[in-house]
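Chain residues, written in single-letter form:
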Amino acid sequence: MKGLRIILTSIALAMLFPLGTSAQKTANYDESLIKPYSLPDPLRMESGRKVRSVRQWEKKRRPELIRLFSEEVFGYVPGKPEGVHFRELTAGEAFDGKALRKEIAVYFDAEETDSLVLLLYLPKEAKGPVPAFLGINFFGNYTTTLDPEVTFPSEAQIAADGNGYGEKPRGFQARRWPYEYILSRGYAVATFYCGDVDPDYDDGFTNGVHGTIYKAKMRTGSSWGTISTWAWGLMRAMDYLESDSSIGKVAVIGHSRLGKTALWAGALDERFSMVISNESGCTGAALSRRAIGETVGVIQSKFPHWFCRNYLKYSDKENTLPVDQHELLALVAPRPLYVASADGDKWSDPKGEYLSLLGAAPVYELYGLEALKDPDQPRVSFPVSAGRSAYHLRHGRHDIVLYDWIQYLNFADQFLK
Ligand code: GCU
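Residues numbered from 1 in each chain as written. Predicted model: local features only at pLDDT ≥ 70, side-chain atom pairs only at ≥ 80, totals over all residues. Heavy atoms only, no water.

Trainee: Please explain the overall build of the protein as it appears in this structure.
Mentor: When its secondary structure is counted, the protein shows 12 helices and 10 strands. Computed over its C-alpha atoms, the radius of gyration of the protein comes to 21 Å, within 12% of the 22 Å expected for a compact globule of 417 residues. Counting only C-alpha atoms, the protein reaches 55 × 55 × 40 Å along its principal axes. In the protein, of all internal contacts separated by at least 6 residues, the share reaching a separation of at least 24 is 71%. Summed over all atoms, the accessible surface of the protein reaches about 17000 Å², with 55% contributed by carbon and sulfur. Here the protein carries 49 positive and 51 negative side-chain charges, and the mean point of each set is 5 Å from the other. (Helix = DSSP H or I, 4+ residues; strand = E, 2+ residues; numbered from the N terminus. Rg over C-alpha atoms; globule rule 2.2 N^0.38 Å. Contact = heavy atoms within 4.5 Å. Areas by Shrake-Rupley, 256 points an atom, 1.4 Å probe, with all protein chains shown as cover. Lys, Arg positive; Asp, Glu negative; His and termini not counted. Charge placed at Lys NZ, Arg CZ, Asp CG, Glu CD.)

This is the structure:
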C-alpha cells in the first residue's frame, strides 16, 4: 500500500515537473532576471472592495486570507480535539540549579493514542508568570541540549517515526537553542520534536497524527500538509502553555521549514503574542512572485508533503497565486513580528523576505501602528525595527545562532514582559 502510494506520487510529480522545468533547473539568484510582478493588495477583498477599517480587516479580509492560504497553500488545519490533556512526565532542576526543567506529554485525545512531548525550561528565580518562546525542533528534544536529564526517545517512538529519530547525538543542535542565555534574560523556552506530530517525509500522510488521530478522513486538494500539521502541533503545545500559571505571553519562533510553520501557526492562532521567522524562505516570509532562490516549483519537487496538493497548480506560475507571502505576514498584525535573514542564505531570498515585511506594512498601519517602510534592505548586522515589526540580516549561512536570539530577545523585551 505504502509502496503503491509512493509510486503514484512519483508519477504525479513527473507529470507536474517534466524535464526542463524548475525542478531540474539550478536556482536563479540574478535579480535582473526577475519578471515584473505586482503583489496582491492585502487590503483589497477578493470582491475588489477596499478594506478601510480594522473591523473589515478582522471580520472579512483576515478570514478570507486564512481561507486562501488554507485552500491553496498549506491545507486546512483542524481545531482543538476534544480530548486534549496533559501530564507532567518529569520535573527537576537544570543548568546548575538556575532553571527548572519539565517534560510534559500533550495528549491529542482522551484515549492517549498519540502525543507530543514538550520540553520546558523556566528560570528558577522567576516571580510570577514569565514570557516564553515556543519553537519546534528538527531532531528531538534531546538534541537541543547537553542536559543529560532530557529523555532519550523510546524504542516505540523511534519505530513509529521511521525517519532516523534517535540517530543524532545528544546536544547535536544545542548551539541553536542557547537555553541558559535565554533563561538568564528572564524567559522560559519550550520545544518539541516535529516528528512527534508528523515525521518529515512523504509517506502519503499515513504517519503522524494523520494516521493516529485523523485516520478516517479522505484527502482532498486542500487537506493539510505537514506544515499545517506542525502548526497544529504548536497550537496543542500552546494549549498546554496557556494552562500553566507560571507562563505569561508566548512568542512562537521557527527556523527554516519550522519558520514557515511558526508563521502559519502565528497567523492562525492569536494566542501567540509575537511571531518570529528565522530564514523561513520560500512559502515562509519570502515573496513567491520574485521566484528567486528556491521557488514554489522547486520546493514542491522536493517537499510536496509540506503543502496541500492544490499548491502544485502554482509551480512556475507564481503570478497566478491568489495570495503572496506578505499577506501571511500581515495576518500576524497587530502583534509584533520579527523576520530575519542571513546574507549567505540566498536560497531563502533574504531580499524577498524583507520586501515581504514591507508588503505587510499597510495592515499594521491600518491599526495605527508604525511599520518598516524603507525600500532599501538593511545592511548586514544592522537590525531595524519600527512599531511592531523588526528585521535583521545576519552575516553567515542558513542557521539560527546566538546573534539571532539576542535580537529576538531585545525585541521581545519591549512587548512580552
Ligand atoms: C531546504 C528547503 C527549504 C527549507 C530548508 C530547511 O533547504 O529547500 O525550503 O527551509 O530545507 O528547513 O532547513
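Back to the text.
Trainee: Explain the nonpolar core here, please?
Mentor: The tendency in soluble globular proteins is for nonpolar side chains to be buried as a group. Within the largest apolar cluster, 113 residues are counted, with the highest numbers of intra-cluster contacts made by Leu 118, Leu 120, Phe 133, Leu 134, Leu 241 and Leu 337. Per-element tally for this core: the top contributor is helix H6 (residues 226-243), with 9 residues. Leave out the neighbours within four places in its chain, and Phe 133 touches Ile 182, Tyr 187, Ala 188, Val 189, Ala 190, Ala 251, Ile 253, Ile 276, Trp 405, Tyr 408, Leu 409 and Ala 412. (Core = buried A, V, L, I, M, F, W, Y, C linked by side-chain atoms within 4.5 Å. Buried < 20%, exposed > 50% of the residue type's maximum accessible area, 1.4 Å probe, protein only.)

Trainee: Which parts of the structure should I look at to understand the confidence of the model for the protein?
Mentor: It should be kept in mind that the predicted coordinates are not to be read in detail where pLDDT is low. Averaged over all residues, the pLDDT of the protein is 94; the fraction at 70 or higher stands at 94%. Low pLDDT, under 50, characterises residues 1-24; the stretch is placed with 26 contacts to residues that sit more than four places away or in other chains. (pLDDT = per-residue confidence, 0-100.)

Trainee: Can you help me understand the pairing of strand E6 (residues 247-255) in this one?
Mentor: For a regular strand, side chains alternate in direction, first toward one face of the sheet and then toward the other. For E6, a buried count of 7 out of 9 residues is recorded, marking the element as mostly surrounded by other parts of the structure. Summarising the sheet, strand E4 (residues 130-137) and E6 pair through 5 bridges and their orientation is parallel. Paired with Gly 135 across the two strands is Ile 253, which belongs to E6. Bridge analysis of E6 against strand E7 (residues 274-278) gives 5 bridges, and the strand direction is parallel. (Pairing = 2+ DSSP bridges.)

Trainee: Is there a simple way to explain the state of the cysteines in this structure?
Mentor: Disulfide: a covalent bond connecting the sulfur atoms of a pair of cysteines. The final tally for this structure, using the stated rule, is 0 disulfides. Just so you know, Cys 282 is unpaired, no disulfide at all, and the nearest cysteine sulfur is the one on Cys 308, 14 Å from it. (Disulfide = S-S within 2.5 Å.)

Trainee: What's the story with the side chain of Ser 228 in this structure? I'm lost.
Mentor: Secondary-structure assignment places Ser 228 in helix H6. What Ser 228 contacts, discounting residues up to four positions off in sequence, is Phe 74, Gly 75, Val 77 and Trp 264.

Trainee: Would you mind showing me how to read the packing of helix H2 (residues 54-74) against helix H7 (residues 257-268) here?
Mentor: Helix packing geometry: the angle between the two helix axes and the distance between the axes. Between H2 and H7, whose axes approach to 11 Å, the crossing angle comes to 145°. Where H2 crosses over H7, the two elements pack in a sense that is left-handed. For the pair H2 and H7, the contacting residues are Arg 62, Ile 66, Phe 69, Ser 70 and Phe 74 in the first and Trp 264, Ala 267 and Leu 268 in the second. Residue classes in the contact of H2 with H7 are distributed as 6 nonpolar, 1 polar and 1 charged. (Axes fitted to C-alpha atoms, helices over the stretch in contact; angles between N-to-C directions. Left-handed = near helix turned anticlockwise from the far one by under 90°. Nonpolar A, V, L, I, M, F, W, Y, C, P; charged D, E, K, R; others polar.)

Trainee: Quick question: what am I supposed to make of the sheet that holds strand E5 (residues 188-193) here?
Mentor: Strand pairing in a sheet relies on backbone hydrogen bonds, with the paired strands running either antiparallel or parallel. Strand order in the open sheet made by the 10 strands is E1-E2-E3-E5-E4-E6-E7-E8-E10-E9, with mixed pairing throughout. Both edges of this open sheet fall to strand E1 (85-94) and strand E9 (384-386), since each of them pairs with a single strand only. Adjacent strand axes in the sheet meet at a mean angle of 20° when their direction is disregarded. Its contacts with the sheet put helix H10 (residues 350-359) on strand E8 (337-342) and strand E10 (389-394), and the angle it makes with E8 is roughly 160°.

Trainee: Can you walk me through the site of the ligand in this structure?
Mentor: Taken together, Phe 138, Ser 256, Arg 257, Lys 260, Glu 294, Ile 299, Phe 303, Trp 306, Trp 347 and His 398 form the complete shell of residues around the ligand. Contact distances for the ligand include 2.5 Å between an oxygen atom and a side-chain N or O atom of Arg 257. A distance of 2.5 Å separates an oxygen atom of the ligand from a polar atom in the side chain of Glu 294. For the ligand, whose unbound accessible area comes to 320 Å², protein coverage reaches 85%. Grouping the amino acids of the shell around the ligand by side-chain chemistry returns 5 nonpolar, 2 polar and 3 charged. (Near = heavy atom within 4 Å. Polar contact = N/O pair within 3.5 Å; in protein donor to acceptor, adjacent residues only side chain to side chain.)

Trainee: I'm lost on the pairing of strand E2 (residues 99-107) in this one. Help?
Mentor: Among the 9 residues of E2, 8 are classified as buried, and the element is accordingly described as predominantly covered. The turn linking E1 back onto E2 is made up of 4 residues, and Phe 95 within it adopts a positive phi angle of 50°. Sheet analysis places E2 next to strand E3 (residues 115-123), joined by 9 bridges and oriented antiparallel. Along E3, the bridge assignment pairs Glu 103 with Leu 119.

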